[in-house]
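# Analysis of the macromolecular model
Letter by letter, the chains look like this.
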Amino acid sequence: MTDALIKPNTKKLLSQMDFLEEDTKEHSEQFMIYYRQFLEEFPEKAPKPKPESFFEEEVDEETPPEEAKLIKKLYREISKISHPDKVESAYLESMFKETNTAYKNKDIAKLFRIAVTLEINLENIDITYISGKIKEKIRIFEDKILTYTNSYAWKWGTASTPEEEEYVRTLINSFVPI
């Protein structure tokens, strides 16, 4: 797909999705540090199950038939030029692995991102539909970041003064464990 065929707004959405995906990973790593600090200070307040499972992405098992076809089409187009049996390139092999993960997760936004990156001709793709899916992915990332930053563990980890620590300690001690 050439740049001329991708609407400027879609390019912006792809950039925003990429940024938020990376930002979510960074927040996740930082959250785990804060969570360990939180557990050291407040072991009795530890939520069950473990925090990693709070943020696992739920994959909808019921993908609409048209979307499933589009996912398969994107996967096949990307695989044609990135399959390790067809090309010898570490970069394309990494793209193929990323494609497989996106395909297994039915992540149409990620597949589209990969197709655009590899400059695959996708003239018959409904850009408006894809843009909607990218917006959904952006909302998921934003929600995850908000969940991290609104957690007691995050509040405890970012308290920078004794007064803030005391305020957060009061909040934490007033809440009932999950």
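Here is a short report on the structure shown in this document. Source: prediction; values computed, not measured. (Residues numbered from 1 in each chain as written. Predicted model: local features only at pLDDT ≥ 70, side-chain atom pairs only at ≥ 80, totals over all residues. Heavy atoms only, no water.)

## What about the overall build of the protein chain?
A tally of helices and strands in the protein chain yields 7 helices and 0 strands. Along the chain direction, N to C, the helices and strands of the protein chain fall in the order α-α-α-α-α-α-α. Across the 178 residues that make up the protein chain, the buried fraction comes to 39%. For the protein chain, contacts bridging at least 24 residues in sequence account for 71% of all contacts bridging at least 6. For the protein chain, the exposed area adds up to about 11000 Å²; of that, 52% sits on carbon and sulfur atoms. (Helix = DSSP H or I, 4+ residues; strand = E, 2+ residues; numbered from the N terminus. Buried < 20%, exposed > 50% of the residue type's maximum accessible area, 1.4 Å probe, protein only. Contact = heavy atoms within 4.5 Å. Areas by Shrake-Rupley, 256 points an atom, 1.4 Å probe, with all protein chains shown as cover.)

## Some remarks on the side chain of Thr24
Along the chain, the position of Thr24 falls in helix H1 (residues 8-41). In contact with Thr24, not counting residues within four places along its chain, are Phe141, Lys144, Ile145 and Tyr148.

## Brief notes about the packing of helix H2 (residues 65-82) against helix H3 (residues 90-104)
At their nearest, the axes of H2 and H3 sit 9 Å apart, and the two run at 165 degrees to each other. The orientation of H2 relative to H3 falls into the category roughly antiparallel. In terms of crossing hand, the pair formed by H2 and H3 is left-handed. Within the contact between the two elements, H2 uses Ile71, Lys72, Tyr75, Ile78, Ser79, Ile81 and Ser82 and H3 uses Leu92, Glu93, Phe96, Thr99, Asn100 and Tyr103. Broken down by class, the residue content of the contact of H2 with H3 amounts to 7 nonpolar, 4 polar and 2 charged. (Axes fitted to C-alpha atoms, helices over the stretch in contact; angles between N-to-C directions. Parallel < 35°, antiparallel > 145°, perpendicular 65-115°, else oblique. Left-handed = near helix turned anticlockwise from the far one by under 90°. Nonpolar A, V, L, I, M, F, W, Y, C, P; charged D, E, K, R; others polar.)

## Section: the pattern of salt bridges
One pass over the full model with this rule turns up 10 salt bridges. A salt bridge links Lys133 to Glu67; its shortest N-O distance comes to 3.0 Å. On the criterion of sequence distance, the pair formed by Lys133 in helix H5 (residues 127-149) and Glu67 in helix H2 is long-range, its members being 66 residues apart. Close ionic contact of Glu93 with Lys97 constitutes a salt bridge, the shortest N to O distance being 3.7 Å. Residue Glu93 and its partner Lys97 are both found in helix H3; the two are separated by 4 residues, about one turn of the helix. With relative accessibility at 33%, the residue Glu93 sits in the partly exposed group. In this structure Lys97 comes out as exposed when scored by relative accessible area, which is 51%. Where salt bridges share partners, they join Glu21, Glu98 and Lys110 into one cluster. (Salt bridge = Lys/Arg side-chain N within 4 Å of Asp/Glu carboxyl O.)

## A closer look at the packing of H2 against helix H4 (residues 108-117)
Contact pair H2 / H4: the axes reach a minimum separation of 10 Å and the direction vectors enclose 30 degrees. If you check the angle between H2 and H4, you find them roughly parallel. The two elements H2 and H4 cross, and the hand of that crossing is left-handed. Contact residues: H2 offers Glu67, Leu70, Ile71, Leu74 and Ile78, while H4 offers Ile108, Leu111, Phe112, Ile114 and Ala115. Residues belonging to the contact of H2 with H4 are distributed by class as follows: 9 nonpolar, no polar and 1 charged.

## Description of the nonpolar core
Ranked by size, the top nonpolar core spans 28 residues in total, and within it Leu74, Phe112 and Ile134 carry the most contacts. For this core, the secondary-structure elements that each account for two or more residues are H1, H2, H3, H4 and H5. Counting residues per element, this core draws most heavily on H4, which supplies 7 residues. Not counting residues up to four positions away in its chain, the partners in contact with Leu74 are Ile108, Leu111, Phe112, Ala115, Leu122 and Ile125. Phe31, Phe38, Trp154 and Trp156 belong to the second largest nonpolar core, which has 14 residues in total. (Core = buried A, V, L, I, M, F, W, Y, C linked by side-chain atoms within 4.5 Å.)

## Focus on the packing of aromatic side chains
Taken as a whole, this structure holds 7 aromatic pairs when the rule is applied. Ring centres 6.4 Å apart and planes at 25 degrees place the aromatic pair Tyr35 and Phe38 in the stacked group. Here the residue Tyr35 and the residue Phe38 both occupy positions in helix H1, the gap between them amounting to 3 residues, near one helical turn. For the pair Tyr35 and Phe38, a shared accessibility class is recorded, and that class is buried. Taken together through their ring pairs, the aromatic side chains of Phe31, Tyr35, Phe38, Phe42, Tyr148 and Trp156 make up a single cluster. (Phe/Tyr/Trp six-rings, centres within 6.5 Å; stacked < 30°, edge-to-face > 60°.)

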